[in-house]
Amino acid sequence: MTQRVGFGIDVGGSGIKGGRVDLDTGLLIGDRIKILTPKPATPDAVAKTIAEIVKIAQWDGHVGITLPSVVQNQTALLAANIDGSWVNTDCQKLFSAHLPNNPAHVLNDADAAGLAEVQFGNPENKTGSVMLLTFGTGIGSALIHDGKLYPNSELGHLVIDGTEAEHYASSKAKEDKDLSYKKWAKRVSKVLSVYEALFWPSKFIVGGGISRKHEKWVPLLTCKTPVEPATLHNNAGIAGAALAAEQGLYP
Ligand code: BGC
């Protein structure tokens, strides 16, 4: 059987990462290429960096690209943790100028991670109402029911007791306030309790870099819904982007 291979790029606050993805397993093939996110991370500067990654990889097919933004009809509509100039950027126009030979498919970073976890992670998650949350600079969310994504849920911006959830419980908030895992887990529990009271998911999947140390905080969570660490960790965005590009989910 020939291997199905795609290419995904994950745009983060500190790094832009990309690589070839085995579309049957979600695993990266070969090296992950990482270039520091340009500052300021304007659409042109980011697109230029992405074009460099594609060139280094010598990839000549479709590319999936994640953004930490709402993406509707291939237009970025929000810029909470990226440069403000992304708002209303037509991503097709932007990427076809920088990557004329690589049709681009752009989607929200947490949505990509959610699609990848459901497709390639624990097979149980292909059914039921799964809420994936990524903890990083912000809190990203993906709502997936029986494998189908409800895109752009943006639950990190839900205001809880006067504060946006991501300002209170992202892993950046933990770092900025120098919180112990115990104190931070209390904050995460509060946020998850609000989410479960509103959405009643069958399971939370927690991702983002800090999910690698899940044994330090997941057992401390007090919400009622079962919580499972993501299995693809930091490569979930890349894998989900490649998958979305292959399936033409966001043409
Ligand atoms: C953004 C989301 C993104 C999340 C994680 C939030 O601030 O609004 O679009 O998914 O951060 O990067």
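Quantities reported herein were computed from a predicted structural model and do not represent experimental measurements.

K.L.:
Give a description of the site of the ligand that names residues and reports values.
P.N.:
Neighbouring the ligand are Pro-68, Ser-69, Leu-78, Ala-80, Asn-81, Asn-108, Asp-109, Ile-139, Gly-140, Glu-154, His-157 and Glu-166. Glu-154 places a side-chain nitrogen or oxygen 2.6 Å from an oxygen atom of the ligand. Taken by itself the ligand offers 310 Å² of open surface, and the protein chains cover 94% of this. Taken atom by atom, the bulk of the ligand overlaps the largest pocket. Residues of the shell around the ligand, tallied by class, amount to four nonpolar, five polar and three charged. Counting only domains with at least three residues in the shell around the ligand, you end up with domain 1 (5-110 + 235-247) and domain 2 (123-230).

K.L.:
Outline the side chain of Lys-203, listing residues and values.
P.N.:
Here Lys-203 lies in strand S14 (residues 203-207). Here Asn-125 takes part through its side chain, which lies 2.8 Å from a polar atom of the side chain of Lys-203. Residue contacts for Lys-203: discarding those within four places in its chain leaves Asn-122, Glu-124, Asn-125, Ser-129, Val-130, Met-131, Thr-225, Pro-226 and Glu-228.

K.L.:
Explain unusual backbone geometry to me, and be specific about the residues and the numbers.
P.N.:
Cis geometry is found at the peptide bond from Lys-39 to Pro-40, where omega equals -5°. As for its placement among the helices and strands, Pro-40 is situated in the loop between strand S3 (28-36) and helix H1 (43-57). The backbone of Glu-154 sits at a positive phi, close to 50°, despite the residue not being glycine. The topology assignment puts Glu-154 in the loop between strand S11 (148-150) and strand S12 (159-160).

K.L.:
Tell me about a positive patch on the surface, and name the residues and values.
P.N.:
A cluster of like positive charges, contributed by Arg-32, Lys-34, Arg-212, Lys-213 and Lys-216, occupies part of the molecular surface. As for its position among the elements, Lys-213 is in the loop between S14 and strand S15 (227-229).

K.L.:
Before we move on, could you go through the packing of aromatic side chains and cite the residues and values that matter?
P.N.:
Counted under the stated rule, the structure contains four aromatic pairs. Centre to centre, the rings of Phe-7 and Trp-59 are 5.5 Å apart; their planes meet at 25°, and the pair counts as stacked. Separated by 52 residues along the polypeptide, Phe-7 in strand S1 (residues 5-11) and Trp-59 in the loop between H1 and strand S4 (63-67) bring together distant segments of the chain. Phe-7 sits in the buried class, given a relative accessible area of 1%. Arranged with centres 5.7 Å apart and planes meeting at 70°, the rings of Phe-135 and Trp-217 form a pair that is edge-to-face. Here the residue Phe-135 occupies a position in strand S9 (residues 129-135), and Trp-217 occupies one in the loop between S14 and S15, the gap between them amounting to 82 residues. Owing to a relative accessible area of 2%, Phe-135 belongs among the buried residues under this scheme. Of the aromatic side chains, those joined through ring pairs into one cluster are Phe-135, Trp-184 and Trp-217.

K.L.:
Now, about H1: what can you tell me, with residues and values included?
P.N.:
The terminal C-alpha atoms of H1, which comprises 15 residues, lie 21 Å apart, in line with the 21 Å expected from a rise of 1.5 Å per residue. Among the residues of H1, those classed as buried are Pro-43, Val-46, Ala-47, Thr-49, Ile-50, Ala-51, Ile-53, Val-54 and Ala-57. For H1, the secondary structure elements touched by its buried residues are S1, strand S2 (15-22), S3, S4, strand S7 (89-90) and helix H2 (91-98). Phi turns positive, to about 55°, at Gln-58, one or two residues after H1.

Conventions we followed
Residues numbered from 1 in each chain as written. Predicted model: local features only at pLDDT ≥ 70, side-chain atom pairs only at ≥ 80, totals over all residues. Heavy atoms only, no water. Near = heavy atom within 4 Å. Polar contact = N/O pair within 3.5 Å; in protein donor to acceptor, adjacent residues only side chain to side chain. Areas by Shrake-Rupley, 256 points an atom, 1.4 Å probe, with all protein chains shown as cover. 1 Å grid on protein atoms, 1.4 Å probe; cavity = no way out; pocket = protein on both sides within 12 Å on 5 of 7 lines; lining within 4 Å. Sits in = over half its atoms within 2 Å of the grid points. Nonpolar A, V, L, I, M, F, W, Y, C, P; charged D, E, K, R; others polar. Domains from an automatic or database assignment. Helix = DSSP H or I, 4+ residues; strand = E, 2+ residues; numbered from the N terminus. Contact = heavy atoms within 4.5 Å. Patch = residues over 30% accessible without salt bridge, like charges linked within 9 Å, V, L, I, M, F, W, Y side chains within 5 Å. Salt bridge = Lys/Arg side-chain N within 4 Å of Asp/Glu carboxyl O. Lys, Arg positive; Asp, Glu negative; His and termini not counted. Charge placed at Lys NZ, Arg CZ, Asp CG, Glu CD. Phe/Tyr/Trp six-rings, centres within 6.5 Å; stacked < 30°, edge-to-face > 60°. Buried < 20%, exposed > 50% of the residue type's maximum accessible area, 1.4 Å probe, protein only. Expected span 1.5 Å × (residues − 1).

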